[in-house]
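Structure at a glance
The residues making up each chain are set out below.
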Amino acid sequence: MAYSDPNVLTRVSRQRSFGGWQAVYSHTSAVLNCVMNVEVYLPTQAETQPCPVIYWLSGLTCTEQNFITKAGAQRYAAQYGVVVVAPDTSPRGCNLPGEEDSWDLGTGAGFYVNATQDPWAQHYRMYDYIVTELPAAIAANFPIQPDRQGIMGHSMGGYGALMIALRNPGRFQSLSAFAPIVAPSQVPWGEKVFTAYLGDNRADWLAYDPTHLVQTAAERLPILIDQGEADTFLAEQLRPDLFATACAAVNHPLTLRLQPDYDHSYYFIASFMADHFAHHAHCLGLEKL
């Protein structure tokens, strides 16, 4: 792929939403060696001043479009004056062997790690993309306050939000998740993906496991997690009980809310999005307009 500056964003679409602009941009990622899409919601406040920013990480099979169209986040981003950034969940169109063979590995399943194994290592470096390259591109193009940042996500993205915040103390001032995969080294989804991306040495997996990372976390960033009790993935893949136990052992502030009758879908996410924005607004020192 020819070199292209990852800070150069090309607008793909833009629509008015709650007074602000809901847009999608594309750029060439040097880290992932492919073209990536990212959504950016700009509230009206961003027209005159820098604003706090919240990153949203989506789950398996998703693109940036799932969050834009289903989460209902624009209303709350407008009310609090927050820029919201939601990237895609993996590299696209890399034509790697096995990339399209299953829905929980390869395309749509980047898992926010830096792959070390072939054939994935050349492209599947979502950790570096989310932590380094994407924030640099956002800061270069939009009026954000780099000292007022939050991160949240759903399922694989909820895992990514927890893991990235725990690995980067001081980077974020607010953190939450919906139905996150909290202990990937202990559940089938994580075992499958970590083996493919990181290899067979389970000790290497722990650097990306929130339940392990929280035990030695360098800061006590308050965490809000919502989990549907009717979620079919709860018992086998998500295991919030493991994370709650680890947090309790080190007195890490965690609010874990089990929501009766709610499943894993965006109906669940949209139902509690207002609460999550209120949590982030409190941590970021914002007031609803």
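Here's a quick rundown of the structure. Note that the coordinates shown come from a computational prediction; the quantities given were computed from them, not determined experimentally.

1. With respect to the overall build of the protein
From N to C terminus, the protein includes 10 helices and 9 strands. Computed over its C-alpha atoms, the radius of gyration of the protein comes to 18 Å, within 12% of the 19 Å expected for a compact globule of 289 residues. Projected onto its principal axes, the C-alpha positions of the protein cover 50 × 45 × 35 Å. With 289 residues in all, the protein has 58% of them scored as buried.

2. Concerning helix α5 (residues 188–198)
If you check which residues of α5 are buried, you get W189, G190, V193, F194, A196, Y197 and L198. Down the axis of α5, the sector holding all buried residues measures 165°, keeping them to one side. At its buried positions, α5 is contacted by α4 (156–167), α6 (202–205) and α8 (234–238). Among the residues trailing α5, G199 stands out with phi positive, at a value near 100°.

3. Some details on the side chain of D88
Tracing the backbone shows D88 in the loop between β5 (83–87) and α3 (126–141). Each residue touching D88, except ones within four places of it in the same chain, is listed here: M36, N37, C62, T63, E64 and M126.

4. Digging into the environment of P91
Following the sequence through the fold, P91 ends up in the loop between β5 and α3. C-alpha separation for the pair P91 and R125, spaced 34 residues apart in sequence, amounts to 8.6 Å. P91 has contacts with L32, C34, M36, E99, H123, Y124 and M126, leaving out every residue within four places of it along the chain.

5. A short note on the nonpolar core
Membership of the largest hydrophobic core comes to 97 residues, with the highest contact counts inside it found for F111, I164, Y197, M273 and F277. With residues up to four places along the chain from it excluded, the contact list for M273 reads W56, F67, A71, A73, Y76, M152 and F178.

6. Comments concerning the sheet that holds strand β2 (residues 20–29)
Sheets are built from strands that pair by backbone hydrogen bonding, the pairs being arranged parallel or antiparallel. Pairing in this open sheet of 9 strands is mixed, and the strands run β1-β2-β3-β5-β4-β6-β7-β8-β9 from one edge to the other. Unpaired on one side and paired on the other, β1 (10–17) and β9 (254–259) mark the two borders of the sheet. When the angles between neighbouring strand axes are averaged without regard to direction, this sheet yields 20°. Across 9 bridges, the pairing between β2 and strand β3 (residues 34–42) is antiparallel. In the strand pairing of β3, T28 is matched with V35.

7. Examining the packing of α3 against α4
With their axes 12 Å apart at the nearest point, α3 and α4 run at an angle of 60° to one another. With respect to their mutual orientation, α3 and α4 come out oblique. Note on packing geometry: the crossing formed by α3 with α4 is right-handed. Every residue of α4 that contacts α3 at Y127, I130 and V131 is listed here: M163, I164 and R167. Residues that form the contact of α3 with α4 fall into these classes: 5 nonpolar, no polar and 1 charged.

8. Here's the deal with the state of the cysteines
By definition, a disulfide links the sulfur atoms of two cysteines through a covalent bond. According to the stated counting rule, one finds 0 disulfides in the structure shown. Take C247: it sits in no disulfide, and the sulfur closest to it among the cysteines is that of C283, at 14 Å.

9. Some points on unusual backbone geometry
Residue P119 is reached from D118 by a cis peptide bond, and omega for that bond is 5°. Its location among the elements puts P119 in the loop between β5 and α3. Phi is positive for F18, close to 50°, though the residue is something other than glycine. You can see F18 is positioned in the loop between β1 and β2. In the Ramachandran plot, Y112 falls in the positive-phi region, its phi being about 60° despite a non-glycine side chain. Take Y112: it is sitting in the loop between β5 and α3. Note on Y112: relative accessible area 0%, which makes it buried.

10. Side note on the pairing of β1
For a regular strand, side-chain orientation follows a simple rule: the groups alternate between the two sheet faces. The pairing of β1 with β2 spans 7 bridges and is classified as antiparallel. Pairing of R11 across the sheet is with Y25, part of β2. Turn length for the β1-β2 hairpin, with the two strands adjacent in sequence and antiparallel, is 2 residues, and the turn residue F18 shows positive phi of about 50°.

11. Things to note about the packing of aromatic side chains
Following the criterion strictly, the structure yields 17 aromatic pairs and no others. Both rings, one in F111 and one in F194, keep their centres 6.3 Å apart while their planes meet at 80°; by these two values the pair is edge-to-face. Placement of F111 in the loop between β5 and α3 and of F194 in helix α5 is noted, with a sequence separation of 83 residues between them. Both residues of the pair, F111 and F194, belong to the buried class. Centre to centre, the rings of F194 and W205 are 5.7 Å apart; their planes meet at 65°, and the pair counts as edge-to-face.

Calculation criteria
Residues numbered from 1 in each chain as written. Predicted model: local features only at pLDDT ≥ 70, side-chain atom pairs only at ≥ 80, totals over all residues. Heavy atoms only, no water. Helix = DSSP H or I, 4+ residues; strand = E, 2+ residues; numbered from the N terminus. Rg over C-alpha atoms; globule rule 2.2 N^0.38 Å. Buried < 20%, exposed > 50% of the residue type's maximum accessible area, 1.4 Å probe, protein only. Arc of directions from axis to C-beta. Contact = heavy atoms within 4.5 Å. Core = buried A, V, L, I, M, F, W, Y, C linked by side-chain atoms within 4.5 Å. Pairing = 2+ DSSP bridges. Axes fitted to C-alpha atoms, helices over the stretch in contact; angles between N-to-C directions. Parallel < 35°, antiparallel > 145°, perpendicular 65-115°, else oblique. Left-handed = near helix turned anticlockwise from the far one by under 90°. Nonpolar A, V, L, I, M, F, W, Y, C, P; charged D, E, K, R; others polar. Disulfide = S-S within 2.5 Å. Phe/Tyr/Trp six-rings, centres within 6.5 Å; stacked < 30°, edge-to-face > 60°.

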